[in-house]
Amino acid sequence: MISYIATLLAGITALVFLLHMFLRLTQDAREPPSVDTEVPFLSVLARIGWRGLSYWDKHAYVRSQLPIFTIRLPYFRIYVVNSTKLIPIVQRHVETISFSPIMVEMSARFMAVSNKTSDIIRRDPMDDHGFVAGVSQTTHVDLSPGQSLDSLNEESVRTLSGALESSASAVVNMREWIDKEITMATTEAIYGPLNPFRDPAVISAWPDYENGLAPLLLNVLPAITARRPAKARETLVRAYKRYYAQGGHLQASPFIQHRYEFYLQRGVPLEDIARIEVGAAVGLISNTKPATFWLLYHVCSDELLLNACRQELMSNAVHTRKHTRTLDMTRVKGSCPVLFSAFKETFRCHGVGIAIRQVVEDDVVDNRYLLKRGSYLLIPAQVQHRQRSIWGENVDEFDHNRFLPDESNRGPKRRRNPVAFRGFGGGATLCPGRHFAATEVLAFVALAILRFDIRPRSGRWVMPSAANIRLDTMFHRLDHDPAVTLIPREGSTEWRVMFSGLDEPMRVSVEDGIDVAE
Ligand code: HEM
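The rules behind each value
- Residues numbered from 1 in each chain as written.
- Predicted model: local features only at pLDDT ≥ 70, side-chain atom pairs only at ≥ 80, totals over all residues.
- Heavy atoms only, no water.
- UniProt positions renumbered as here; feature names shortened; annotations may be inferred.
- Buried < 20%, exposed > 50% of the residue type's maximum accessible area, 1.4 Å probe, protein only.
- Helix = DSSP H or I, 4+ residues; strand = E, 2+ residues; numbered from the N terminus.
- Pairing = 2+ DSSP bridges.
- Phe/Tyr/Trp six-rings, centres within 6.5 Å; stacked < 30°, edge-to-face > 60°.
- Lys NZ or Arg CZ within 6 Å of the ring centre and 35° of its normal.
- Salt bridge = Lys/Arg side-chain N within 4 Å of Asp/Glu carboxyl O.
- Contact = heavy atoms within 4.5 Å.
- Axes fitted to C-alpha atoms, helices over the stretch in contact; angles between N-to-C directions.

Going by the annotation in an unreviewed UniProt entry, the name recorded for the protein is Cytochrome P450, with Apiospora kogelbergensis given as the source organism. Per its UniProt entry, the protein bears the Cofactor (unreviewed entry) comment "heme".

Set out below in structure tokens:
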């Protein structure tokens, strides 16, 4: 028995020694240092298996304060960028560190397009005239400040305002309520009168699809691991095919029309246009819903913040005429600093997106770190959002005043590094939907708190836990859905919405000049 154990221990020691040798031989000294190498390749696998996606930000960051480090896995490397200084540098290497190859891979897996379309998507992935770059350009144009974005904003806010009209109290599950209204407001604005989300089959298939994105993306034994989401996806694809066949896109927003023309010019068949757009719908609605939930939760659960938001909305953004009140969304966006500060703090505390890129060619960043071709590179937003050196000692608290402009005039403004705010990502893949999403989130919360007292059924607000971070989400997902009572505040008042100024960008990223003064 003793000799058996001794042999086993000797075998394990030899294996660990060999793995260390292999690691040393294959890791270039100029590469970022590798971490979690007690047993090379295996200890990191065990930790990822144990902690899931929270490994990338929580564990890897806590273990290592390195500006950038390497995770060695059996077949590939992952570089994780921690340093705020390195982020803009890495983001400038668009030719060599790119999202395009990942986009190509993802479209084949989770949209399940035909081989023909897969080939079209794969064409020139790194070229400005390639498919991936082309869709991105079209999307950015129609979602940037201008006429197209104005009409999307007006339509979605109008739908929200209609949906939140009520003169009687109601009990709702808060997440379910927000999910439904945000989904309908967004999709009505985007898809127009033949919106596929008017179909109850689409509404009921959506959660299975959205909750199953990770298994669809991973594509390991999909018949077993992704059966439900794949079935839900087919229901959605059928509805989208009907939408295009009936000419729904001809009455839709320029965003949909231009994307449709782009696909047609590239020779994508109708079935696959439907598949691509079902995939794109995730970006349209899946992050706006939890963002709205968390902002409304924080505003309603803090009496001081609630009163401050109501007061500034009433003073700065609401016109009253007899029994009619009009909420001016341009003023909500530009003249309600407390609500806007709470909005950004919500993104700082709950924004958990992990930007993922592939290294397309060997490259050296910041004149010192060698990144090897074929590796992946991650920029976890949570690492930035929890930097004590940037956000201060109260980094772990929700401080709704954190982003208030400095009105104290006590000398020159101290500015925090705005790169550390990554609620909408940054660089070449900065979220093009940020102006639209921000307008919608603020509109929902403003209308909800002006029209209702929102009280938790349990008697007190309890912060929902959101332990699970998932591959497919940019925001904390809730583990349970709190029940609340909506009590109308002014029964006889008629509410309207308007935009007194159009073409207004939202300053929600470093690229927009976000204000993060202290
Ligand atoms: C609160 C809501 C939203 C959040 C938190 C959010 C967050 C993000 C983030 C973090 C990225 C960057 C991903 C990366 O760098 O890898 C991104 C990209 C993107 N988002 Fe959003 N987003 C939201 C709403 C929207 C909406 C409403 C749309 C469309 C109308 C949209 C469309 C996109 C697209 C198309 C990209 C990819 C951009 C590219 O590759 O060029 N997003 N989003």
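Having seen the model, we can carry on.
**Some points on the pairing of strand 10 (residues 376–380)**
Successive side chains on a regular strand alternate, one facing one side of the sheet and the next facing the other. When you tally the buried positions in strand 10, you get four out of five residues, the bulk of the element. Here three bridges tie strand 2 (residues 77–81) to strand 10, and the two strands are oriented parallel to one another. Note that in strand 10 the partner of Tyr 79 across the bridge is Leu 377.

**A look at the packing of aromatic side chains**
Tallied over the full model, the rule gives 24 aromatic pairs. Consider the rings of Phe 262 and Tyr 263, whose centres lie 6.2 Å apart with planes at 75 degrees: the pair is edge-to-face. Judged by its relative accessible area of 8%, Phe 262 is buried. By way of ring pairs, the aromatic residues Tyr 191, Phe 197, Trp 206, Tyr 209, Tyr 240, Tyr 243, Tyr 244 and Tyr 260 are connected into one cluster. The ring of Phe 340 is capped by Lys 344, whose NZ or CZ atom sits 4.3 Å from the centre of that ring. Over the ring of Trp 391 we find Arg 348, and its NZ or CZ is 5.6 Å from the ring centre.

**Points about the pattern of salt bridges**
Any two side chains of opposite charge can pair if their charged atoms end up close together. Taken as a whole and assessed by the stated rule, the structure comprises 29 salt bridges. For Glu 271, the salt bridge is made with Lys 241, and the minimal N-O distance between the two is 2.8 Å. Taken together, the positions of Glu 271 in helix 15 (residues 270–285) and Lys 241 in helix 13 (residues 227–245) put the pair 30 residues apart, joining distant regions of the chain. Using a relative accessible area of 28% as the deciding quantity, one classes Glu 271 as partly exposed. Of the charged contacts in the structure, one is a salt bridge between Glu 345 and Arg 402, with a shortest N-O distance of 3.0 Å.

**Quick word on the side chain of Thr 138**
In this structure, Thr 138 sits in helix 7 (residues 131–143). With sequence-adjacent residues up to four places away left out, Thr 138 is seen in contact with His 258, Arg 259 and Phe 262.

**Re unusual backbone geometry**
Most peptide bonds adopt trans geometry, and most residues besides glycine take a negative phi value. The backbone of Ala 112 sits at a positive phi, close to 55 degrees, despite the residue not being glycine. By the element assignment, Ala 112 lies in the loop between helix 5 (100–110) and helix 6 (115–122). Residue classification places Ala 112 among the partly exposed positions, given a relative accessible area of 28%. One non-glycine residue, Asp 366, adopts positive backbone phi at about 55 degrees.

**Structural notes on the sheet that holds strand 10**
Strands in a sheet are paired, the pairing made by backbone hydrogen bonds, and the direction either parallel or antiparallel. Taken in spatial order, the five strands of this open sheet run 1-2-10-7-3, and their pairing is mixed. Two strands lie at the open edges of the sheet, namely strand 1 (68–72) and strand 3 (97–98), each paired on one side alone. In this sheet, strand 2 lies alongside strand 1 in antiparallel orientation, the contact comprising five bridges. Residue pairing across strands places Ile 71 opposite Ile 78, the latter belonging to strand 2. The strands touched by helix 5 within the sheet are strand 3, strand 7 (354–359) and strand 10, with strand 7 carrying the most contacts at an inclination of about 105 degrees.

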